[in-house]
Amino acid sequence: GTGDLLQSSYRAEEVKNKHDDYVKYYESGDRSEYDKNISAFYNLVTDFYEYGWGESFHFAHQKKGESLSDAIKRHERRIVDALGLKPGMKVLDCGCGVGGPARSIARMSGAHVTGITISDYQIKRGMEHTKRDHLEDLVTLVQGDFLKMPFEDESFDAAYAIEATCHSPTLEVVYGEIFRVL
């Protein structure tokens, strides 16, 4: 909520510096330090995203008269159904943010969902939400780079990415990593 936003906010000068650093990174086209810059970006915007979006940082097509929240739930249900998720399966959420979709998909399917995000702050927030929802047995959040995932080959039964891979400097690498862990 707003209290969390105020408790974890940056000073104005810090926000300006982080913003300026990100703009320089983005405009340069040099992606050699993507990990540092993307992490800094998400550490900065996560509270704002939660305040405006809730815990699922993605869009979903809204049907006439449907709320954004209901559209997001429908989108996440579609993932469960499309992947045939069920209890006992191990699922990867690639670019999990604060784990909103991971928790929703775990609740709907009974599968164990492991989320990975480069942002240490998103892991902190996501673990708080996961504990609040008593889903520690079904949801694990890992701080890491989805271009160099810390998982063994063939360690997941299914995987999904919702609007996260756009931050990869090369899609071939991130999808190669996803393929490797399936």
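This text goes with the structure placed above it.
Keep in mind that this is a model prediction, so the values were computed, not measured.

It is worth spelling out the overall build of the protein at this point. Of the regular secondary structure elements, the protein holds seven helices and four strands. Helices and strands appear in the protein in the N-to-C order α-α-α-α-β-α-β-α-β-β-α. Relative to its length of 182 residues, the protein is compact, with a C-alpha radius of gyration of 17 Å against a globular reference of 16 Å. Taken across its 182 residues, the protein has 43% of its residues classed as buried. Expressed as a percentage of contacts within the protein between residues at least 6 apart in sequence, the contacts between residues at least 24 apart total 67%. As displayed, the protein has an accessible area near 10200 Å², and 54% of this comes from carbon and sulfur atoms. Charged side chains of the protein number 22 positive and 30 negative; the gap between the two group centres comes to 5 Å.

Attention now goes to the sheet that holds strand S4 (residues 158-160). With parallel pairing, the four strands of this open sheet are ordered in space as S3-S2-S1-S4. With one partner strand each, in any of the chains shown, strand S3 (139-143) and S4 form the two edges of the open sheet. Going across the sheet, the axis of each strand differs from the next one's by a mean of 20 degrees, ignoring polarity. In this sheet, strand S2 (residues 112-117) lies alongside strand S1 (residues 90-94) in parallel orientation, the contact comprising five bridges. Across the sheet, Asp93 pairs through a bridge with Gly115, a residue of S2.

One way to put it is that helix H4 (residues 68-83) packs onto helix H5 (residues 100-109) with a least axis distance of 9 Å and a crossing angle of 60 degrees. The orientation of H4 with respect to H5, classified from their angle, is oblique. The interaxial crossing formed by H4 with H5 has right-handed handedness. In this structure, H4 contributes Lys73, Glu76, Arg77, Ile79 and Val80 to the contact, and H5 contributes Pro101, Ser104, Ile105, Met108 and Ser109. In terms of residue class, the contact of H4 with H5 is built from five nonpolar, two polar and three charged.

Here the focus is helix H7 (residues 171-181). Among all positions in H7, only Val174, Glu177, Ile178 and Val181 are buried. Buried residues of H7, seen end-on, are gathered within an arc of 100 degrees and therefore sit on one face of the element. Seen from the buried face of H7, the exposed residues on the opposite side, beyond 90 degrees, are Glu172 and Phe179. On its buried face, H7 sits against S1 and S4.

For helix H3 (residues 34-53), with 20 residues, the first-to-last C-alpha span of 25 Å runs short of the 28 Å given by 1.5 Å per residue. Roughly 45 degrees is the biggest bend found in H3, and it falls at Val45. One or two positions beyond H3, positive phi appears at Gly54, with a value near 95 degrees.

Attention now moves to the nonpolar core. Ranked by size, the top nonpolar core spans 25 residues in total, and within it Leu92, Cys94, Phe146, Met149 and Phe151 carry the most contacts. Mapped onto this core, the elements with two or more residues apiece are helix H2 (12-28), H3, S1 and H7. Of the residues forming this core, the biggest block, six residues, is contributed by H3. Residues within four places of Leu92 in sequence aside, it is in contact with Thr114, Ile116, Met149, Phe151, Phe156, Ala158, Ala159, Tyr160 and Val181. Formed by 18 residues, the second largest nonpolar core is a distinct cluster that contains Ala102, Ala106, Ala111 and Leu135.

Conventions used here
Residues numbered from 1 in each chain as written. Predicted model: local features only at pLDDT ≥ 70, side-chain atom pairs only at ≥ 80, totals over all residues. Heavy atoms only, no water. Helix = DSSP H or I, 4+ residues; strand = E, 2+ residues; numbered from the N terminus. Rg over C-alpha atoms; globule rule 2.2 N^0.38 Å. Buried < 20%, exposed > 50% of the residue type's maximum accessible area, 1.4 Å probe, protein only. Contact = heavy atoms within 4.5 Å. Areas by Shrake-Rupley, 256 points an atom, 1.4 Å probe, with all protein chains shown as cover. Lys, Arg positive; Asp, Glu negative; His and termini not counted. Charge placed at Lys NZ, Arg CZ, Asp CG, Glu CD. Pairing = 2+ DSSP bridges. Axes fitted to C-alpha atoms, helices over the stretch in contact; angles between N-to-C directions. Parallel < 35°, antiparallel > 145°, perpendicular 65-115°, else oblique. Left-handed = near helix turned anticlockwise from the far one by under 90°. Nonpolar A, V, L, I, M, F, W, Y, C, P; charged D, E, K, R; others polar. Arc of directions from axis to C-beta. Expected span 1.5 Å × (residues − 1). Bend = angle between axes of the 7 residues up to and from the residue. Core = buried A, V, L, I, M, F, W, Y, C linked by side-chain atoms within 4.5 Å.

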